Amino acid sequence: TTALVLTGGVESNGPYLAAGKHNYSNAVMGEAIARELGNTLVAPIVTLEPGRPGRDVSIGSTGPMVSQGTYVAWLTDIGDSLRGMGFTEIYYLGDSGGNQRGQQAAADSLNAKYGGDPAVFHHVAEFYNHTQVRQYIQEELGIPEEMESGASRGSDGIHDELSITSILSVYDPEVIRHDQRLAADLASINGIDISDLEWTRELGEKVVAFRTGLTVDAIRELRSTR
């Protein structure tokens, strides 16, 4: 009776990563979190994100996207549908910063509508934990990635980073263009060599476990206050 609604998007991530990086990351993270929680199902991933759909968009920069109003309505309907299917705990988990406000709005709307009977809805802000992950990689694992913990770009100057790259390598090395990067002698990100795919995937598994722990702890805390 527990469902996870994971939200991603399509955006520019530099020359290497597939534009849907958040969606691929969510596929890995959703399964890991559901397995750790137990008795949990992952709803179909929401692959588009909110923005200004009428503006001109350069190739590869972002999109397609929906308006914030449409996004909130979309997430609200998804949550309401899951409630109608018999789920009693619905958690919204967003891997992109622009998704957070809409998730909270959807959860608030549904909780106001139903008052917890029989389902409760939560936006789990702790899932959006990329700053903590950067600190984990640099400080706990001792990997000197050239990227400030609160930044969106590192020394390579693109919207790409070691944590996401390593998670995507667990999903499929093709979405980080690993073979092509090796052939072009570009298998690094923010000063860290990722040419050893086994090492990169092992790091990805550590990052998945770290993010899963943060998220599951937050969900269990929400459950305890119900």
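Description of the structure in this document. (Residues numbered from 1 in each chain as written. Predicted model: local features only at pLDDT ≥ 70, side-chain atom pairs only at ≥ 80, totals over all residues. Heavy atoms only, no water.)

The next thing to look at is helix α2 (residues 68-84). Across its 17 residues, α2 extends 24 Å between first and last C-alpha, which sits within 8% of the 24 Å expected from 1.5 Å per residue. Along α2, the residues that are buried comprise Y71, V72, L75, T76, G79, D80 and L82. Buried residues of α2 fall within an arc of 160° about the axis and therefore sit on the same side. Opposite the packed face of α2, turned more than 90 degrees from it, sit the exposed residues G69, D77 and G84. Where the residues of α2 are buried, they touch β1 (2-7), β3 (49-50), β4 (65-66), β5 (89-94), α3 (100-114) and β6 (120-123). G86 occupies a position one or two residues after α2 and carries a positive phi of about 110°. (Helix = DSSP H or I, 4+ residues; strand = E, 2+ residues; numbered from the N terminus. Expected span 1.5 Å × (residues − 1). Buried < 20%, exposed > 50% of the residue type's maximum accessible area, 1.4 Å probe, protein only. Arc of directions from axis to C-beta. Contact = heavy atoms within 4.5 Å.)

Attention now moves to the nonpolar core. By size, the foremost hydrophobic cluster in this structure holds 29 residues, and its most contacted members are L4, I33, L93, I137, L162 and I219. Put simply, the parts of the chain that give this core at least two residues each are β1, α1 (21-37), β5, α4 (130-140), α5 (162-171) and α7 (197-224). Ranked by the residues each element gives to this core, the list is headed by α7, at 6 residues. (Core = buried A, V, L, I, M, F, W, Y, C linked by side-chain atoms within 4.5 Å.)

What follows concerns the sheet that holds β5. Taken in spatial order, the 4 strands make up an open sheet running β2-β1-β5-β6, and their pairing is parallel. Unpaired on one side and paired on the other, β2 (40-42) and β6 mark the two borders of the sheet. Neighbour-to-neighbour, the strand axes of this sheet turn through a mean angle of 20°, independent of strand direction. Of the pairings in the sheet, the one linking β5 to β6 comprises 4 bridges and is parallel in character. Bridging from a neighbouring strand, I90 pairs with F121 of β6. Across the sheet, α1 lies against β1, β2 and β5, angled at about 160° from β1, the strand it touches most. Relative to β6, α3 is tilted by about 160°, and along the sheet it contacts β1, β5 and β6. (Pairing = 2+ DSSP bridges. Axes fitted to C-alpha atoms, helices over the stretch in contact; angles between N-to-C directions.)

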